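# Chains, contacts and geometry: an overview
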Amino acid sequence: MDWRAEMDGVDPGSEAEDEQDATKTGKTRKPSMQLELFPEAVRGLAFACGGELLITGDASGQVRVWSAKNGILYYTQQKHDGAITSIVTDCGADERDLAASCGADSRCHVWEVRTNLSLFVLSAHTATVWKCVFSPRGGVYLATCSADHTARVWDTRTGRTVTHLRGHEGGVVGVAWSPDIGHSVATCSWDRTARLWNGLSG
């Protein structure tokens, strides 16, 4: 028996039955909230501040920060001169809620979510930045990967490049941190390879 369903007073099989009924009748489930007012396609999003806020980014380069509870729009800002490709968040090493966005303008913006205080504009890449991801346990570092065939690791306290990861023969489209206490970074590329690196020494 699913103890979570029992605690909630829900029949464990009811959800599956509802899904089957919806399939048979052609019904679709309605979202609990729908956010609109976007001028372009939404390209990225992330929860922030313990799920209190939702950040969205669109193809025009605008970022919007919403209440995840009632859908109130807190602020809008033009962060990029082109489409946003990724948004990530983290509670920083100094306990500030940080966000980062990257885009087709080859830049990555790092800012404080609640105050909208811009911390750094990371601009060393020379082509679209596809992904950005904070390091685990405090977001002290930020890894980015780009169509310029490289990835970079940045120090979120200074905005400086820590390592420049070169070697791929095609655009680097994915980057990930190992969740352990080490500093391993993995990248994947259009060159049909995936590589493992020491994020702090290359």
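Throughout what follows, the structure given in this document is the object of discussion.

Here the focus is the sheet that holds strand β8 (residues 117–122). The four strands lie next to each other as β5-β6-β7-β8, forming an open sheet whose pairing is antiparallel. A single partner strand is all that each edge strand has here, and the edge strands are β5 (84–91) and β8. Adjacent strand axes in the sheet meet at a mean angle of 20°, parallel and antiparallel pairs treated alike. Alignment of strand β7 (residues 108–112) against β8, held across five bridges, turns out to be antiparallel. Counted as the bridge partner of W111 is S118 from β8.

Let's shift gears to unusual backbone geometry. A positive phi angle, close to 55°, is found at C49, a residue other than glycine. Here C49 shows up in the loop between β1 (42–48) and β2 (53–58). For C49, a relative accessible area of 11% gives the class buried. Positioned with a positive phi, R192 is a non-glycine residue whose angle comes to about 70°. When you line up the elements, R192 lands in the loop between β14 (184–189) and β15 (194–198).

Turning our eyes to something else, we now look at the sheet that holds strand β10 (residues 141–146). Read across the open sheet, the four strands follow the order β9-β10-β11-β12; overall the sheet is antiparallel. A strand with exactly one partner marks an edge of an open sheet, and here the two such strands are β9 (129–134) and β12 (161–165). Adjacent strand axes in the sheet meet at a mean angle of 15° when their direction is disregarded.

Bringing the pattern of salt bridges into the picture now. Scanning the entire structure with this criterion turns up four salt bridges. Measuring nitrogen to oxygen at the nearest pair gives 3.0 Å for the salt bridge that ties D58 to R64. Residue classification places D58 among the buried positions, given a relative accessible area of 0%. A residue is classified by how much of its surface remains accessible, and R64, at 7% relative accessible area, is buried. D155 serves as the salt-bridge partner of R157, at 2.9 Å between the closest nitrogen and oxygen. The buried category is assigned to D155, whose relative accessible area is 11%. Among the charged side chains, a salt-bridge network with shared partners connects E52, D97 and R114.

What follows covers the side chain of T144. Inspection of the secondary structure assignment puts T144 in strand β10. Among the polar contacts made by the side chain of T144, one reaches the side chain of H125 at a distance of 2.8 Å.

Before going further, it helps to examine the pairing of β12. Examined bridge by bridge, strand β11 (residues 151–155) and β12 share four bridges and lie antiparallel to one another. Considered in β12, the bridge of W154 is made with T161. Between the antiparallel neighbours β11 and β12 lie five residues, among them G159 with a positive phi of about 80°.

Quick notes on the rules
- Residues numbered from 1 in each chain as written.
- Predicted model: local features only at pLDDT ≥ 70, side-chain atom pairs only at ≥ 80, totals over all residues.
- Heavy atoms only, no water.
- Pairing = 2+ DSSP bridges.
- Helix = DSSP H or I, 4+ residues; strand = E, 2+ residues; numbered from the N terminus.
- Axes fitted to C-alpha atoms, helices over the stretch in contact; angles between N-to-C directions.
- Buried < 20%, exposed > 50% of the residue type's maximum accessible area, 1.4 Å probe, protein only.
- Salt bridge = Lys/Arg side-chain N within 4 Å of Asp/Glu carboxyl O.
- Polar contact = N/O pair within 3.5 Å; in protein donor to acceptor, adjacent residues only side chain to side chain.

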